[in-house]
Amino acid sequence: MISVLVFALYLFERVFLALLVARALFSWFVQPGSYSSIGKSFEWLIRITEPIVSPCRALLDKAGLRTGMLDFSVFLAMILVTAVCRLLAAGLLRLA
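The structure reproduced in this document is the subject of the present report. (Residues numbered from 1 in each chain as written. Predicted model: local features only at pLDDT ≥ 70, side-chain atom pairs only at ≥ 80, totals over all residues. Heavy atoms only, no water.)

### A closer look at the packing of helix α2 (residues 37-62) against helix α3 (residues 73-95)
Between α2 and α3, the shortest axis-to-axis distance is 8 Å and the interhelical angle comes to 115°. In terms of their interaxial angle, α2 and α3 are classed as roughly perpendicular. Taken as a pair, α2 and α3 cross one another with a handedness that is right-handed. For the pair α2 and α3, contact is made by I52, V53, C56, R57, L59 and L60 and by S73, V74, L76, A77, L80 and V81, respectively. (Axes fitted to C-alpha atoms, helices over the stretch in contact; angles between N-to-C directions. Helix = DSSP H or I, 4+ residues; strand = E, 2+ residues; numbered from the N terminus. Parallel < 35°, antiparallel > 145°, perpendicular 65-115°, else oblique. Left-handed = near helix turned anticlockwise from the far one by under 90°. Contact = heavy atoms within 4.5 Å.)

In structure tokens:
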């Protein structure tokens, strides 16, 4: 049972990291709000990842790390998602 939960955490981590990478890449080439299918896909990516990225952006702003046009909040979100998933997996494996 615990191995299933650990695998689910691993799967969540990989899928969410892929969504964050896609969001970062789309942000270079696609404008949100465009009427194309790519623009709508980008809006969907923003809606899915924003609950994690927004607190990271606020944390960077609070720390005074404003980087102008570069937004490191997606990178920070990647680090935090990976760290939390790995800590949870390690905790679950200790219970086994």
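### Some points on a nonpolar patch on the surface
Taken together, the side chains of F7, Y10, L11 and V15 present a nonpolar region at the surface, about 410 Å² in accessible area. Looking at the element boundaries, Y10 is found in helix α1 (residues 2-29). On the basis of relative accessibility, which here comes to 44%, the residue Y10 falls in the partly exposed class. (Patch = residues over 30% accessible without salt bridge, like charges linked within 9 Å, V, L, I, M, F, W, Y side chains within 5 Å. Areas by Shrake-Rupley, 256 points an atom, 1.4 Å probe, with all protein chains shown as cover. Salt bridge = Lys/Arg side-chain N within 4 Å of Asp/Glu carboxyl O. Buried < 20%, exposed > 50% of the residue type's maximum accessible area, 1.4 Å probe, protein only.)

### Focus: the pattern of salt bridges
Pairing is possible between side chains of opposite charge, provided their charged atoms come close. In the structure shown here, the tally under the stated rule is five salt bridges. When the shortest N-O distance is used, the salt bridge between R86 and E13 registers 3.6 Å. With a gap of 73 residues between them, R86 in helix α3 and E13 in helix α1 connect regions that are remote in the sequence. One salt-bridge network, held together by shared partners, links R23, E50, R57 and D71.

### Points about the nonpolar core
By size, the foremost hydrophobic cluster in this structure holds 15 residues, and its most contacted members are L20, V53 and A77. Broken down by secondary-structure element, the contributors of at least two residues to this core are α1, α2 and α3. For this core, the element with the highest residue contribution is α3, accounting for seven residues. Sequence-distant contacts of A77, that is, excluding residues within four places in its chain, are made with L20, I52, V53 and C56. (Core = buried A, V, L, I, M, F, W, Y, C linked by side-chain atoms within 4.5 Å.)

### As for the packing of aromatic side chains
Applying the stated criterion to the full structure yields three aromatic pairs. With a centroid separation of 6.0 Å and an interplanar angle of 40°, the aromatic rings of F26 and F42 are classed as tilted. Highlighted residues: F26 in helix α1 and F42 in helix α2, separated in sequence by 16 residues. The interplanar angle of 80° and the centroid separation of 6.4 Å between the aromatic rings of W28 and F29 together place this pair among those described as edge-to-face. Both residues of the pair, W28 and F29, count as exposed. (Phe/Tyr/Trp six-rings, centres within 6.5 Å; stacked < 30°, edge-to-face > 60°.)

### A short note on the side chain of R23
Structurally, R23 is set in helix α1. Among the polar contacts listed, one links the side chain of R23 to the side chain of T49, at a separation of 2.8 Å. A polar contact is formed between the side chain of R23 and the side chain of E50, at a distance of 2.8 Å. For R23, the residues in contact, after removing those within four places along its chain, are F42, L45, I46, T49, E50, V53, R57 and V74. (Polar contact = N/O pair within 3.5 Å; in protein donor to acceptor, adjacent residues only side chain to side chain.)

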